[in-house]
Amino acid sequence: AQSVSQHNHHVILSEAASLELGCNYSYGGTVNLFWYVQYPGQHLQLLLKYFSGDPLVKGIKGFEAEFIKSKFSFNLRKPSVQWSDTAEYFCAVKVQGAQKLVFGQGTRLTINP
Amino acid sequence: EAGVAQSPRYKIIEKRQSVAFWCNPISGHATLYWYQQILGQGPKLLIQFQNNGVVDDSQLPKDRFSAERLKGVDSTLKIQPAKLEDSAVYLCASSMTGYEQYFGPGTRLTVT
C-alpha cells in the first residue's frame, strides 16, 4: 500500500539555523507531491507542491523542496528559519490519476528565539 | 474568497452517543473530502465526494460512520454510536481541480 514516511517527529532549532525535513514515499509510479503546514491554532495550508518539471520547487515564506525520484524523496528545506516557522509540517503524496492524498505523520518544528 | 467552513469547532460527547459535523466547501469546488486526524498522526481520508456522488469511501468505518452531500454543496459527517477511539480532529477539504486541496479549521471531537 502507498505510504509516506516523515522520519523526524520533533525538530528543535534556533533562529537562523538551516532546516531540512525528510519525506519518503513508497509508490513507484508517477506522483504529485505536497508539503502542508499547520501553524498553532490554524488550519492546514499548502506550502508548496510538485507536479512535473524542475525538481526543485519553491513555496511560500522562503521554503523549497527537492524531488529526487531515485530516492523516492521530497525533502523540505529553508536556509534560515524564523521563530514564526514554528508549526507542524506534513508531507503528502497523490498518485497521478487518483485523487486521494496520503499524508505522512507530520513533523513538529519548534524554533527557539 | 471565503474558505472551507466547518462547525462545530469543538465537541465533547460520551461513548455510544451520536454526533454530526457540518462542512461548507469553497464555492464552485466540486470535490469534497472528509479526513480524520488522530493526535500525533497525519490526516487520513475517510470519504471523498465528487459533486454529490461518492468517489472513495474505502476507509470509512461504515458500521458507525456515514456521510452525505445531498445537493453537491455542503456535507454532513455522522458518527453513531461513538467510541473512545473516534476522538480526533475531523477535517473537511475541498478542491476544484482535484489537485490542490483547501482545508477547513476542523472539528475537535473528544469522546469520554
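Quantities reported herein were computed from a predicted structural model and do not represent experimental measurements. Residue indices follow the written sequence of each chain, beginning from 1 at its first position. Here chains are named by letter from A upward and ligands by number from 1 upward, in the order in which they appear as written. Under the rules for a predicted model, residues below a pLDDT of 70 receive no local features and side-chain atom pairs below 80 are neither given nor counted, while totals for whole chains, interfaces and linings still include all residues. Side-chain calculation: all heavy atoms of the structure are included, whereas hydrogens and water are not.

Peer 1: An account of the pairing of strand β3 (residues 19–24) of chain B is requested, with residue identities and associated values reported.
Peer 2: All names here are of chain B. Burial of the side chains of β3 is restricted to one face: Val19, Phe21 and Cys23 are buried, whereas none of Ala20, Trp22 and Asn24 on the reverse face is. Two strands pair when backbone bridges link them, and strand β1 (residues 5–7) and β3 are joined in this way by three bridges, in the antiparallel orientation. By the bridge assignment for β3, Ala5 is matched with Asn24. In this sheet, strand β8 (residues 75–79) lies alongside β3 in antiparallel orientation, the contact comprising five bridges. The residue bridging Val19 from the neighbouring strand is Ile79, located in β8. Burial here depends on accessible area, computed with a 1.4 Å probe over protein chains only, as a share of the maximum for the residue type. Under 20% is buried, over 50% is exposed, and the range in between is partly exposed. Secondary structure elements are defined from DSSP: runs of H or I of at least 4 residues count as helices, runs of E of at least 2 residues count as strands, and each element is numbered from the N terminus. The criterion for strand pairing is that DSSP finds at least two bridges linking the strands in question.

Peer 1: Tell me about the nonpolar core, and name the residues and values.
Peer 2: Residues and elements named next belong to chain A. Among the buried residues, those of types Ala, Val, Leu, Ile, Met, Phe, Trp, Tyr and Cys that are joined through side-chain atoms within 4.5 Å form a nonpolar core. Of all hydrophobic cores here, the largest spans 29 residues; its most connected members are Leu33, Trp35, Leu48, Phe74, Leu76 and Tyr89. For this core, the elements supplying multiple residues, two or more each, are β2 (10–14), β3 (19–21), β5 (31–38), β6 (45–50), β8 (64–68), β9 (73–78), β10 (87–95) and β12 (107–112). Contact criterion: two residues are considered in contact whenever any of their non-hydrogen atoms come within 4.5 Å of each other. With residues up to four places along the chain from it excluded, the contact list for Leu76 reads Leu19, Glu20, Leu21, Trp35, Leu47, Leu48, Phe63, Glu64, Ala65 and Tyr89.

Peer 1: Quick rundown of the sheet that holds β8(B)? Include the residues and the values.
Peer 2: Backbone hydrogen bonds are what pair the strands of a sheet, in a parallel or an antiparallel way. All names here are of chain B. Here four strands make up an open sheet; going across it, the order is β1-β3-β8-β7 and the pairing antiparallel. A strand with exactly one partner marks an edge of an open sheet, and here the two such strands are β1 and β7 (65–68). Within this sheet the neighbouring strands show an average axis-to-axis angle of 15°, counted without direction. Axis angles are defined between N-to-C directions and span 0 to 180 degrees, where every axis is a line fitted to C-alpha atoms and, for a helix, only to the segment in contact.

Peer 1: So what about the packing of aromatic side chains? Which residues, and what values?
Peer 2: Stacked, tilted and edge-to-face are the three classes assigned to paired rings of Phe, Tyr and Trp, where Trp is represented by its six-membered ring and a pair needs centres within 6.5 Å; plane angles under 30 degrees give stacked, over 60 edge-to-face, the rest tilted. Throughout the structure, instances matching the rule amount to 15 aromatic pairs over all chains. Between A:Tyr50 and A:Phe67 the ring centres are 4.7 Å apart and the planes differ by 35°, which places this aromatic pair in the tilted class. In this pair, A:Tyr50 sits in strand β6 while A:Phe67 sits in strand β8, placing the two residues 17 residues apart along the sequence. Each of the two residues, A:Tyr50 as well as A:Phe67, counts as buried. Taken together, a centroid distance of 5.0 Å and an interplanar angle of 25° make the contact between B:Phe21 and B:Tyr90 stacked.

Peer 1: Requested: an account of the layout of surface pockets, with residues and values cited.
Peer 2: Of the two site types, the cavity is a set of points on a 1 Å grid over the protein atoms alone where a 1.4 Å probe fits but cannot get out, and the pocket is an open set with protein on both sides within 12 Å along at least five of seven lines, each lined by residues with an atom within 4 Å of a point. Grid points are joined across faces, edges and corners, and a volume is the space filled by probe spheres set on the points. A volume near 650 Å³ is recorded for the largest pocket. Lining the largest pocket are 29 residues, and of these A:Gln38, A:Glu88, B:Gln37, B:Val89 and B:Arg108 lie nearest its centre. Secondary-structure elements contributing two or more residues to the lining of the largest pocket are β10 and β12 of chain A together with β9 (88–95) and β11 (107–111) of chain B. Of the residues forming the lining of the largest pocket, the biggest block, three residues, is contributed by β9(B). Considered as a void within the structure, the second largest pocket measures approximately 280 Å³ in volume. A:Val102, A:Phe103, B:Pro43, B:Lys44 and B:Gln59 are the residues nearest the centre of the second largest pocket, which is lined by 15 residues in total. Residue assignment for the lining of the second largest pocket shows that the elements contributing at least two residues are β11 (101–103) of chain A together with β5 (44–50) of chain B. In terms of residue count, the dominant contributor to the lining of the second largest pocket is β11(A) (three residues). Amino acids outside the nonpolar list (Ala, Val, Leu, Ile, Met, Phe, Trp, Tyr, Cys, Pro) and the charged list (Asp, Glu, Lys, Arg) are all regarded as polar, and Gly is one of them. When its residues are assigned to classes, the lining of the second largest pocket shows six nonpolar, seven polar and two charged.

Peer 1: Pulling in residues and values, what's your account of the interface of chain A and chain B?
Peer 2: Bring the parts together and some accessible area is lost; that lost area is often taken as the interface size. Chain A puts 17 residues into the contact, and the matching count from chain B is 21 residues. The contact between chain A and chain B buries some 1,500 Å² in all, and 54% of this surface belongs to carbon and sulfur atoms. Salt bridges are defined by distance alone: a side-chain nitrogen of Lys or Arg within 4 Å of a carboxyl oxygen of Asp or Glu. One can count one salt bridge joining chain A with chain B. A:Lys49 is the salt-bridge partner of B:Glu100, the closest N and O atoms lying 2.9 Å from each other. In protein, a polar contact means a hydrogen-donor-capable atom and an acceptor-capable atom, both N or O and within 3.5 Å, with residues adjacent in sequence counting only if both atoms are side-chain atoms; elsewhere, any N or O pair within 3.5 Å suffices. Across the contact surface, chain A and chain B share two residue pairs in polar contact (both at pLDDT 80 or more). With four residues, the single largest contributor to the side of chain A that touches chain B is β5(A). Residues belonging to the side of chain A that touches chain B are distributed by class as follows: eight nonpolar, six polar and three charged. Buried area is a sum: the accessible area each of two parts loses on coming together, probed at 1.4 Å, counted once for each and added.

Distances and angles like these do not, on their own, reveal function.
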